[in-house]
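Residue strings, one per chain:
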Amino acid sequence: VPDGYLKLPVHIISKKNIKTCHSVFKFTCVRMTFTNVQVPMFLKSKRNCFLLVLIGIISLCVVFQWNIQDKSKNIDFLLSDVRRKLASIEFSTEPACEPKRKIGFLKMHKCASTTLQNVFFRYAHINDLNVILPLKRWNYLGSPDLFSIKLVEETPWHHLGYDIMALHTRWDHNSIKQALSGDPAFVTIVREPAELFESLYGYYNFQNFFKNLTFFSFLDKLEDGGFVKKNDRFMGKIGKNQMLFDLGFPVKYFDNEEKVKKFVEEVKNNFHLVMVTDKMDESIVLLKHLLCWDYKDLVILKLNARAESKKKKLSPAQTEKLRKWLKADNFLYLTFREVFDKKVEEFGYEKMEEEKQKLSTIRNQIMEECLSGKKDLTGDSLIKAMRKSAGCRLYALDEYDFLDEIKAAQWKRADKAVLQSLGSTENSPN
């Protein structure tokens, strides 16, 4: 129908309905024209009969539109109200799950692990969960020695049992599994090894450790085979192949490919999720579905991160040289990058984008509420502003300050448990 005459509803002019109209025409006009039925003369022409059928259909459409026009406003109002209510409901075809309250997180050095540690500390603090902590004000447990439950046996909260591990340590899977008990989820994170080592070099001031060598001078000397010994580690725990070291792999086997491969396979079996630093949003989405937490529990700020201006830019040749020197860590990273990419594929790319959008929306909402509309804050200014907000300070709380708060809460729970135990003993019959 030409524009300006009559706008038919879309469903009237669909291919299916045009086909139906054609059938009506054939049945009505052809039968009327070529049978002995007495019809007016002008209908004995196929063309005239078709025009009459078409006019009838159009007339019905006009009447239909006229009848609903007066009711359209009420219908639109009702539909908009329904849409608003439906939009507030998050439908899911996934089976219901129970939030995980037992988590073993290996805080890998220089892998955005302080940022993720804040997530686990927040969840523990809000839900009155017990974290594996030393009595002293320290954020390490064991390293360079492997973790042992003996490191926390003398703490006043030890008898409460533990729910979360999220400190720096040298991982001993069986010991940590025993300390957490139950059915914990085990997670950690990896980073491209050349980037990681450059970050270690600057953060721990390796220039002094390696006799006043700048980072790029260090790279030049890597060609000297015996320049860096296997056991050359800052404070006995920071150095070559840092990720494998944190996972508890023996330094003496760094060059043994078979032992490295076997160990990496064990890690693959022990950890439910190994996240990737340069895929943080995807990592958070997978973590959310593993733990069955809400996205508001998983919103993160970049804590303990260096300014971009302090990062050294590596050429492709320098990157390749470092990867070759960090061969064991590079194998670990490539293995778990492949595992991670496969998990994303199994999750579904379209679904992943939808989930990332949900995460971004909730993150923006929290930032809006916490910063009272101040959108131009970044870095230290952002963190300071968050700490001033009573409802948002935990998102930006310094690691040591957070440890103090968690410790105080656990001590309180431990004292309460002891008093309750004494009270029940006094009230029991002799």
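Taking an unreviewed UniProt entry as the reference, the chain is identified by name as Galactosylceramide sulfotransferase belonging to Artemia franciscana. Under Sequence similarities (unreviewed entry), UniProt gives the following word-for-word description of the chain: "Belongs to the galactose-3-O-sulfotransferase family." The annotation that UniProt attaches to the chain under Subcellular location (unreviewed entry) is "Golgi apparatus membrane".

Peer 1: When you look at the overall build of the chain in this model, what are you seeing that I'm missing?
Peer 2: Summing up its helical and strand segments, the chain has 16 helices and six strands in all. Residues classed as buried in the chain amount to 40% of the 430 residues present. Here the analysis covers contacts within the chain between residues at least 6 apart in sequence; of these, 72% occur between residues at least 24 apart. Here the chain displays about 25800 Å² of accessible surface, and carbon together with sulfur accounts for 55% of that area.

Peer 1: What's the story with the pattern of salt bridges in this structure? I'm lost.
Peer 2: Note on pairing: side chains with opposite charge can pair once their charged atoms come close. Summed over all chains, the structure comprises 19 salt bridges. For Asp183, the salt bridge is made with Lys100, and the minimal N-O distance between the two is 3.3 Å. You can see Asp183 sitting in the loop between helix H5 (173–180) and strand S5 (185–190) and its partner Lys100 sitting in the loop between helix H3 (72–87) and strand S1 (103–105), a full 83 residues away along the chain. The class of Asp183 is exposed, set by a relative accessible area of 56%. As a salt-bridge pair, Glu353 and Lys356 come within 3.4 Å of each other at their nearest N and O atoms. Of this pair, Glu353 and Lys356 are both found in helix H14 (residues 349–371), three residues apart, which corresponds to roughly one turn of the helix. Each of Arg137, Asp401 and Asp404 takes part in salt bridges that share partners, so that together they form one network.

Peer 1: How should I be thinking about the nonpolar core in this particular structure?
Peer 2: In globular proteins that are soluble, nonpolar side chains generally tend to be buried together. Phe120, Ile132, Val190, Phe197, Leu244 and Leu322 are the most contacted members of the largest nonpolar core, which totals 94 residues. For Leu244, the residues in contact, after removing those within four places along its chain, are Phe249, Phe254, Val260, Phe263, Val264, Ala328, Asp329 and Leu332. Grouped together as the second largest cluster of nonpolar side chains are 12 residues, Met367, Leu382, Ile383 and Cys392 included.

Peer 1: Looking at this structure, I do not really get the sheet that holds strand S3 (residues 164–165). What am I missing?
Peer 2: Hydrogen bonding along the main chain pairs the strands of a sheet, whether they run parallel or antiparallel. Reading across from one edge, S3-S1-S5-S6 is the order of the four strands in this open sheet, with parallel pairing throughout. Among the strands making up the open sheet, the edge pair consists of S3 and strand S6 (273–276). Across two bridges, the pairing between S1 and S3 is parallel. Bridging across to S3, Gly104 finds its partner in Met165. Docked against the sheet, helix H13 (residues 327–347) engages S5 and S6, running at close to 100° with respect to S6.

Peer 1: Would you mind showing me how to read the packing of aromatic side chains here?
Peer 2: Each aromatic ring pair is summarised here by two numbers: the centre-to-centre distance and the angle between the ring planes. Considering all chains together, one arrives at 30 aromatic pairs under this definition. Centroid distance Phe249 to Phe254: 6.2 Å. Interplanar angle 15°. Geometry classified as stacked. Overall, the relative accessible area of 3% leaves Phe249 in the buried class. Among the residues examined, Phe254 registers a relative accessible area of 5% and is labelled buried. Within the aromatic cluster, the residues linked to one another by ring pairs are Phe197, Tyr201, Tyr203, Tyr204, Phe206, Phe209, Phe210, Phe215, Phe216, Phe218, Phe234 and Trp325. Taking NZ or CZ as reference, Lys288 lies 5.1 Å from the ring centre of Tyr295, over its face.

Peer 1: What's the story with the environment of Leu397 in this structure? I'm lost.
Peer 2: Residue placement: Leu397 occurs in the loop between helix H15 (379–388) and helix H16 (399–427). Note: C-alpha distance between Leu397 and Arg387 (10 residues apart in sequence) is 6.6 Å.

Scoring rules and cut-offs
- Residues numbered from 1 in each chain as written.
- Predicted model: local features only at pLDDT ≥ 70, side-chain atom pairs only at ≥ 80, totals over all residues.
- Heavy atoms only, no water.
- UniProt positions renumbered as here; feature names shortened; annotations may be inferred.
- Helix = DSSP H or I, 4+ residues; strand = E, 2+ residues; numbered from the N terminus.
- Buried < 20%, exposed > 50% of the residue type's maximum accessible area, 1.4 Å probe, protein only.
- Contact = heavy atoms within 4.5 Å.
- Areas by Shrake-Rupley, 256 points an atom, 1.4 Å probe, with all protein chains shown as cover.
- Salt bridge = Lys/Arg side-chain N within 4 Å of Asp/Glu carboxyl O.
- Core = buried A, V, L, I, M, F, W, Y, C linked by side-chain atoms within 4.5 Å.
- Pairing = 2+ DSSP bridges.
- Axes fitted to C-alpha atoms, helices over the stretch in contact; angles between N-to-C directions.
- Phe/Tyr/Trp six-rings, centres within 6.5 Å; stacked < 30°, edge-to-face > 60°.
- Lys NZ or Arg CZ within 6 Å of the ring centre and 35° of its normal.

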